[in-house]
Amino acid sequence: MKKFLLIFSILFFAVSVSAADLKLSGSYACNGINRDLSALYGAGYEANEYYETDFDLVGKVVINDRVSVVTTMEMADNTLGKTTTQNIEVKNSYLAVKALDGLTLSFGKMLSKGWGVGFANTDSNPDRIKAIYKTPVGVLVAILQKSSEKSYDTTDTLDATKGNGNASQPAGLEEQDTDVMYLGFITKLGPVTFKPLYASVTAGTALSATVIILSFEGNLGLLGFEAEYNNKAYAYSSDMQALGAADYAISGMYGNVWANLAPLKVGFIYGDGSYDADTGKKYGMGENWNFGALAADFGERATGTAQVSGYNIMNLYAAFAVSEKVSLNACYAMGADNNPGNDNAHSEMNFSVGYGLTDSVTLSGVYATGSFDLGDGAKSVSKMAWGVKA
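Enquirer: Could you give me a rundown of the overall build of the chain, with the residues and numbers involved?
Expert: Looking only at helices and strands, the chain has four helices and 19 strands in total. Burial status across the chain gives 35% buried among its 390 residues. The contacts of the chain with a sequence gap of at least 6 include a subset with a gap of at least 24, amounting to 50%. When the accessible surface of the chain is summed, it comes to about 21,100 Å², and 59% of that surface belongs to carbon and sulfur atoms.

Set out below in structure tokens:
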């Protein structure tokens, strides 16, 4: 709470001294979950029930029609019943300047949810300098990003136990930062929007990588579609190769095609993350990309994270709009590991209902049942959840 008061005191002070406008907005979500994975753990374990809450508050200080300051605070992102950690985290804190007509420059910490149509995306909030330039044929995006900072301020002597009290830092530490340069473009040709992206990553002096993303989406009336291809190529320095490190490349692809047969929508999803047999590296398919209600749970068991990696996925789904307020949804999803020596597999069927309580508040409920096979045979799992989102 002290952090909250401090941050907003700074915002209100900035507003008062500059005669700017402060605009507040945000979002809130709460979910109650009953998850039964006891078959995976054996005797003595039972289903667990827990709640998830997520409250984000966005403050925008509009100094004038060309300059603004944006701050997004995560007031709560808690999972009660699994952990009771209370946190307030600044996700966004940056200055946006309309430098020229069509050109906007931004400086600071920025929330990133990835690029493209949502495949292989995981939230992050690195420090960035970003330029967005609108042209007659599309939007150009250029970003310089500091993903990790290894050096420290040698003039700070407050805490020698953290290393910043030394007269000098270890040689070469400054060169071990991780820096990324992005160059992307968004353009529309008829009913199809294209979003190519190129990224160059330098992780210290030991590793570099290039990333290419080709993404597109569109709607042809009855037929809608979106697709994405990602490729990541990693190259180690000669010193690292002498120690046994080997260059490798991994890739992921995703496609989603659906038919709009109002009030019915039917679609099919295909996703694939590659596995490199020489190095054992797998393509991570992102924590934000869930192909089913049990996907994150399977990821936790199979990879230790809320995503699956090196996986082949298929999903058949349907949605039916009962009315303007009520919708029914169902899907069947299945997947298997692309590593021939790994028998990990998963399947599930889930059903959900959504109800628009107001224009801005939605209630939902879901039931999912399926099986996880982590190389020791398929075992039944299930999950029930309710949620409210505003």
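Enquirer: Which residues make up the pattern of salt bridges, and what are the values?
Expert: Across all of its chains, the model carries six salt bridges by this definition. Note that Lys-282 is salt-bridged to Asp-337, the shortest N-O span being 3.0 Å. Taken as a pair, Lys-282 in the loop between strand S14 (264-273) and helix H4 (295-302) and Asp-337 in strand S16 (residues 326-337) lie far apart in primary sequence, 55 residues in all. Its relative accessible area of 12% is what places Asp-337 among the buried residues. In this structure, Lys-379 engages Asp-376 in a salt bridge whose closest nitrogen and oxygen atoms are separated by 3.3 Å.

Enquirer: Can you explain the pairing of strand S15 (residues 311-321)? Please cite residues and give values.
Expert: Examined bridge by bridge, S14 and S15 share nine bridges and lie antiparallel to one another. Residue Ile-269 lies in a different strand from S15, and its bridge partner there is Asn-315. Here S15 runs beside S16; their pairing, made up of 11 bridges, is antiparallel. By the bridge assignment, Ile-313 is partnered in S16 with Gly-335.

Enquirer: Residues and numbers for the side chain of His-346, please.
Expert: By secondary structure assignment, the location of His-346 is in strand S17 (residues 345-356). Discounting chain neighbours no more than four positions away, the residues touching His-346 are Phe-291, Leu-294, Phe-298, Tyr-311, Ala-333, Met-334, Gly-335, Ser-371 and Phe-372.

Enquirer: Mind laying out the side chain of Glu-348, listing which residues take part and the relevant values?
Expert: Summarising the element assignment, Glu-348 is placed in strand S17. Of the buried charged residues, Glu-348 lacks a salt bridge, with Lys-383 as the closest side chain of opposite charge at 8.3 Å. Of note is the side chain of Glu-348, whose polar atom sits 3.0 Å from the side chain of His-346.

Enquirer: Which residues make up the nonpolar core, and what are the values?
Expert: Of all hydrophobic cores here, the largest spans 39 residues; its most connected members are Met-285, Trp-289, Phe-291, Val-308, Tyr-311, Ile-313 and Phe-372. Looking at this core element by element, the count peaks at four residues for strand S13 (residues 248-261). Here Phe-372 is in contact with Leu-37, Leu-40, Leu-294, Asp-297, Phe-298, Ala-345, His-346, Gly-377, Ala-378, Lys-379 and Val-381, once residues within four sequence places are set aside.

Enquirer: Can you lay out the pairing of S13 for me, pointing to particular residues and giving the numbers?
Expert: Where strand S12 (residues 223-236) lies against S13, 12 bridges are found, and the strand directions are antiparallel. Bridge pairing links Ala-233 to Ala-249 in S13. Bridging between S13 and S14 involves 10 bridges; their strand directions are antiparallel. In the strand pairing of S14, Trp-258 is matched with Gly-267. Linking two consecutive strands that pair antiparallel, namely S13 and S14, is a turn of two residues.

Enquirer: Which residues make up unusual backbone geometry, and what values go with them?
Expert: A negative phi angle is the norm for most residues apart from glycine, just as the trans form is the norm for most peptide bonds. Each neighbour pair has its own omega, and for Ala-262 with Pro-263 the value is 10 degrees, a cis peptide bond. One non-glycine residue, Ala-120, lies in positive phi territory at about 60 degrees. If you trace the backbone, Ala-120 turns up in the loop between strand S5 (103-109) and strand S6 (127-135).

Enquirer: Tell me what's going on with the packing of aromatic side chains, and back it up with residues and numbers.
Expert: What the rule picks out here adds up to seven aromatic pairs. Considering the side-chain rings of Phe-194 and Phe-216, the 6.1 Å spacing of their centres and the 40 degrees angle between planes classify their relative orientation as tilted. Of this pair, Phe-194 sits in strand S9 (residues 192-194) while Phe-216 sits in strand S11 (residues 207-220); the two residues are 22 residues apart in sequence, bridging distant segments of the chain. Judged by its relative accessible area of 31%, Phe-216 falls in the partly exposed class. With centroids separated by 4.7 Å and ring planes inclined at 20 degrees, the aromatic side chains of Tyr-234 and Tyr-248 adopt a geometry described as stacked. You can see Tyr-234 sitting in strand S12 and its partner Tyr-248 sitting in strand S13, a full 14 residues away along the chain. One aromatic cluster is present, built from ring pairs that chain together Phe-119, Tyr-254 and Tyr-283.

About the cut-offs
Residues numbered from 1 in each chain as written. Predicted model: local features only at pLDDT ≥ 70, side-chain atom pairs only at ≥ 80, totals over all residues. Heavy atoms only, no water. Helix = DSSP H or I, 4+ residues; strand = E, 2+ residues; numbered from the N terminus. Buried < 20%, exposed > 50% of the residue type's maximum accessible area, 1.4 Å probe, protein only. Contact = heavy atoms within 4.5 Å. Areas by Shrake-Rupley, 256 points an atom, 1.4 Å probe, with all protein chains shown as cover. Salt bridge = Lys/Arg side-chain N within 4 Å of Asp/Glu carboxyl O. Pairing = 2+ DSSP bridges. Lys, Arg positive; Asp, Glu negative; His and termini not counted. Polar contact = N/O pair within 3.5 Å; in protein donor to acceptor, adjacent residues only side chain to side chain. Core = buried A, V, L, I, M, F, W, Y, C linked by side-chain atoms within 4.5 Å. Phe/Tyr/Trp six-rings, centres within 6.5 Å; stacked < 30°, edge-to-face > 60°.

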